[in-house]
Amino acid sequence: MSNKWDKRLNKWEKYISEMEKLISEITEELDEYKEKYRGVKRLIDGKNFHIILGSRQNRLKINWRGKSFWFHLPHHNYDKVSRNKINEFIDNIFLRDKVKHTLR
């Protein structure tokens, strides 16, 4: 009787260990999604980018997850070009995320 109980107990402990591992992975993935959501939301709200007007060239600086991404802008019509660059940047974030999930 005790041997059967030990086998079941070991089996349950194995399942519990797998559940704990899965919960840990899901929690890490949730944290990553929260960070991406916050970053994209800030980009949409206009808080994580700066347009720097220069004498020789204008630049767009996008802050994303602790890194700065720089883009050159033309002197004329830089608002429209900067908005297009930000839209492309956000699209790339979502595209990378979509590709990541289709590979699973």
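All values derive from a computational prediction rather than experimental measurement.

**Q** What's the story with the packing of aromatic side chains in this structure? I'm lost.
**A** For any pair of aromatic rings, the description rests on two quantities: the centre-to-centre distance and the angle between the ring planes. Scanning all chains against the criterion turns up 2 aromatic pairs. Taking the centre distance of 6.2 Å and the plane angle of 80 degrees together, the rings of Trp64 and Phe89 count as edge-to-face. Residue Trp64 is found in strand S2 (residues 58-64), and its partner Phe89 is found in helix H2 (residues 78-102); the two are separated by 25 residues along the sequence. Overall, Phe89 belongs to the buried group, its relative accessible area being 9%. Through a chain of ring-to-ring contacts, three or more aromatic side chains come together here, namely Trp64, Phe69 and Phe89.

**Q** What's the story with a positive patch on the surface in this structure? I'm lost.
**A** Together, Lys4, Lys7, Arg8, Lys11 and Lys14 make up a positively charged patch on the protein surface. Checked against the element boundaries, Lys11 lands in helix H1 (residues 2-44). Overall, Lys11 belongs to the partly exposed group, its relative accessible area being 48%.

**Q** Sorry if this is basic, but what is going on with the pattern of salt bridges here?
**A** Side chains that differ in charge, positive against negative, can pair when their charged atoms come close. If you walk through the whole model with that rule in mind, you get 2 salt bridges. The partner of Lys36 in a salt bridge is Glu32, with the nearest N and O atoms 3.7 Å apart. Of this pair, Lys36 and Glu32 both sit in helix H1, 4 residues apart, which is roughly one turn of that helix. The salt bridge partner of Arg65 is Glu35, with a shortest N-O separation of 3.1 Å. Here Arg65, found in the loop between S2 and strand S3 (67-73), pairs with Glu35, found in helix H1; they are 30 residues apart in sequence, far enough to count as distant. With a relative accessible area of 41%, Glu35 lands in the partly exposed category.

Basis of the calculations
Residues numbered from 1 in each chain as written. Predicted model: local features only at pLDDT ≥ 70, side-chain atom pairs only at ≥ 80, totals over all residues. Heavy atoms only, no water. Phe/Tyr/Trp six-rings, centres within 6.5 Å; stacked < 30°, edge-to-face > 60°. Helix = DSSP H or I, 4+ residues; strand = E, 2+ residues; numbered from the N terminus. Buried < 20%, exposed > 50% of the residue type's maximum accessible area, 1.4 Å probe, protein only. Patch = residues over 30% accessible without salt bridge, like charges linked within 9 Å, V, L, I, M, F, W, Y side chains within 5 Å. Areas by Shrake-Rupley, 256 points an atom, 1.4 Å probe, with all protein chains shown as cover. Salt bridge = Lys/Arg side-chain N within 4 Å of Asp/Glu carboxyl O. Lys, Arg positive; Asp, Glu negative; His and termini not counted. Charge placed at Lys NZ, Arg CZ, Asp CG, Glu CD.

Geometry only, nothing functional implied.
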